Amino acid sequence: MFTGKKVLVTATNYSALCSEAKQLLESHGVEVIENDKGRPFTFEELKEVVHEIDGVVAGVDTWNEDVFRLAPRLQAIARFGVGVDNIDLAGAQRCGIKVTNVPAGNANAVAELTAGLILSVMRNIPSLHQSARRGFWDRFVGAELIGKTVGLLGFGNIAQMVARKLQGFDVRLIAYDKYPNADKARELGVELVHSDEVLRTSDIVSMHLPSLPETHHMMSDEQFAMMKPSAYFINTARGALVDETALYRALSGRVIAGAAIDVYEKEPVSADNPLFQLDNLVSTPHTAAETFETYHKVGLVTAQAILDVFAGKEPLHLLKVKV
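From a predicted model like this one, the values you see are computed outputs, not experimental measurements.

Caption draft 1: Molecular detail of empty space enclosed by the protein. For the structure on display, the rule yields one cavity of 30 Å³ or more. The space that makes up the largest cavity amounts to roughly 40 Å³. Along the walls of the largest cavity sit Phe233, Asn235, Gly239, Val242, Glu244, Leu247, Ile261 and Val263, which together make up its complete lining. Across the lining of the largest cavity, the residue classes tally to five nonpolar, two polar and one charged.

Now the structure itself:
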């Protein structure tokens, strides 16, 4: 029993969607403190609570040494998902804080939304939905997926699932990855190519790279200019991969036909973001992983990781860096 231990959950809707994970923590004497804000915590909000926290189930809030200095009891951060670009791994390690994530835990959910966004932007589904509800009978001549080339920037778990799901649409699949999985590419009928070829030849470019210093603003004016004027850009990875001002110029200037994005450079995204003025953008609020199945699975894995740390065991998917 870990009576007296407190775990802060910054991922949202925890009680409703991760009831078994919460019960697992509480059955070991852990007090669970939930995010009631419906959005990521700010630094000022974290300052108010982290001094008494032993573990964190982290959403996309920023966890760095400014926070760690205020959290002397913090032993574990279990990222509720895959990406850990919001966590200073080296800083955590220096502070003796173990960090874990859940590789592939949300891969299917993100892949499904990616497919949905492709169809949505090519057929203008969100706008037509709103039009019909207002009693209008607007027309939009869209494009079909059949025969198109879909290019995947990154070929990890999510991109591989996207490829599998799109096979039934009779598309050509190409992908770029710095460390390509040739066996998986052959299995899925995906041709591995250079990133420039993905941009130049694809009708749909879908972003699936990790957010790293070397991939920051990978999509800028130069890259959008390589794309076909009829092409669509999809991003369900990370906002930092894209220069949003360049994306705005590409969309407003019709350098590309349209874009569908789930992630932004600054989150939560502001209502006055210039991208929202455009009629060739489909947007969702970083919700690709939001499914019942993902919450259930990832909730249990993250809860167990924290309990393992409390018990002095090495948790599953422990992240280590050289410091």
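Past the structure itself, the notes keep going.
Caption draft 2: Highlighting the sheet that holds strand S10 (residues 232–235). On the basis of which strands lie adjacent, the open sheet formed by seven strands has the order S8-S7-S6-S9-S10-S11-S12 and parallel pairing. Edge positions in the open sheet fall to strand S8 (190–192) and strand S12 (281–283), since each of these has one partner strand only. When the angles between neighbouring strand axes are averaged without regard to direction, this sheet yields 20 degrees. Together, strand S9 (204–207), S10, strand S11 (258–261) and S12 form the strand contacts of helix H6 (residues 107–123), whose direction differs from that of S10 by roughly 150 degrees.

Caption draft 3: Quick peek at the UniProt feature "domain: D-isomer specific 2-hydroxyacid dehydrogenase NAD-binding" (unreviewed entry) in the chain. In the numbering adopted here, UniProt assigns the feature "domain: D-isomer specific 2-hydroxyacid dehydrogenase NAD-binding" (unreviewed entry) to residues 116–288. The distance separating the terminal C-alpha atoms of residues 116–288 is 10 Å; by composition the span is 32% helix and 16% strand.

Caption draft 4: Just the pattern of salt bridges, in detail. Following the criterion strictly, the structure yields 17 salt bridges and no others. Here Arg39 makes a salt bridge to Glu45, at a shortest N to O gap of 2.7 Å. Look at Arg39 and you get partly exposed, because its relative accessible area is 30%. Beyond isolated ion pairs, a larger network of salt bridges with shared partners links Arg164, Lys184 and Glu187.

Caption draft 5: Inspection of the sheet that holds strand S1 (residues 6–9) at higher detail. Overall, mixed pairing links the six strands, which are arranged S2-S1-S3-S4-S5-S13 in an open sheet. Each having just a single partner strand, strand S2 (31–34) and strand S13 (318–319) make up the two edges of the open sheet. Across three bridges, the pairing between S1 and strand S3 (residues 55–58) is parallel. If you follow Leu8 over to S3, its bridge partner there is Val56.

Caption draft 6: Summary view of the side chain of Thr215. Topologically, Thr215 is positioned in the loop between S9 and helix H11 (221–226). At a separation of 2.8 Å, a polar atom in the side chain of Thr215 contacts the main-chain carbonyl oxygen of Pro210.

Caption draft 7: Molecular detail of the UniProt feature "domain: D-isomer specific 2-hydroxyacid dehydrogenase catalytic" (unreviewed entry) in the chain. Per the UniProt record, the feature "domain: D-isomer specific 2-hydroxyacid dehydrogenase catalytic" (unreviewed entry) sits at residues 15–318. Across residues 15–318, the secondary structure splits into 37% helix and 14% strand, with the terminal C-alpha atoms separated by 25 Å.

Caption draft 8: The arrangement of the packing of H6 against helix H7 (residues 125–133) in detail. Two numbers describe how H6 lies on H7: the axes approach to 6 Å, and their chain directions differ by 65 degrees. Between H6 and H7, the contacting residues are Leu119, Ser120 and Arg123 on the first element and Ile125, Pro126 and Leu128 on the second. Taken together, the residues of the contact of H6 with H7 break down into four nonpolar, one polar and one charged.

Caption draft 9: Structural detail: the nonpolar core. Counting 29 residues, the largest nonpolar core has Leu153, Met219, Phe224, Met227, Phe233 and Leu247 as its most contacted members. Secondary-structure elements contributing two or more residues to this core are helix H10 (195–201), S9, H11, helix H12 (244–252) and S11. For this core, the leading source of residues is H12, giving four residues. Not counting residues up to four positions away in its chain, the partners in contact with Met219 are Leu153, Leu199, Met207, Phe224, Met227, Phe233, Leu241, Val242 and Asp243. In terms of nonpolar packing, the next biggest core, distinct from the first, is built from 25 residues, Leu152, Val162, Leu188 and Ile204 among them.

Caption draft 10: Seen up close, the packing of aromatic side chains. Enumeration according to the criterion identifies four aromatic pairs in this entry. An angle of 45 degrees between the planes, with centres 5.3 Å apart, marks the rings of Phe80 and Tyr295 as tilted. Residue Phe80 is found in the loop between strand S4 (76–79) and helix H5 (89–94), and its partner Tyr295 is found in helix H13 (residues 292–310); the two are separated by 215 residues along the sequence. Ring plane angle 85 degrees and centroid distance 5.4 Å describe the contact between Phe224 and Phe233, whose orientation is recorded as edge-to-face. Across this residue pair, the class does not change: Phe224 and Phe233 are buried. Lying across the ring of Phe310, Lys5 places its NZ or CZ 5.1 Å from the centre.

Rules of the game
- Residues numbered from 1 in each chain as written.
- Predicted model: local features only at pLDDT ≥ 70, side-chain atom pairs only at ≥ 80, totals over all residues.
- Heavy atoms only, no water.
- 1 Å grid on protein atoms, 1.4 Å probe; cavity = no way out; pocket = protein on both sides within 12 Å on 5 of 7 lines; lining within 4 Å.
- Points joined across faces, edges and corners; volume = space filled by probe spheres on them.
- Nonpolar A, V, L, I, M, F, W, Y, C, P; charged D, E, K, R; others polar.
- Pairing = 2+ DSSP bridges.
- Helix = DSSP H or I, 4+ residues; strand = E, 2+ residues; numbered from the N terminus.
- Axes fitted to C-alpha atoms, helices over the stretch in contact; angles between N-to-C directions.
- Contact = heavy atoms within 4.5 Å.
- UniProt positions renumbered as here; feature names shortened; annotations may be inferred.
- Salt bridge = Lys/Arg side-chain N within 4 Å of Asp/Glu carboxyl O.
- Buried < 20%, exposed > 50% of the residue type's maximum accessible area, 1.4 Å probe, protein only.
- Polar contact = N/O pair within 3.5 Å; in protein donor to acceptor, adjacent residues only side chain to side chain.
- Core = buried A, V, L, I, M, F, W, Y, C linked by side-chain atoms within 4.5 Å.
- Phe/Tyr/Trp six-rings, centres within 6.5 Å; stacked < 30°, edge-to-face > 60°.
- Lys NZ or Arg CZ within 6 Å of the ring centre and 35° of its normal.

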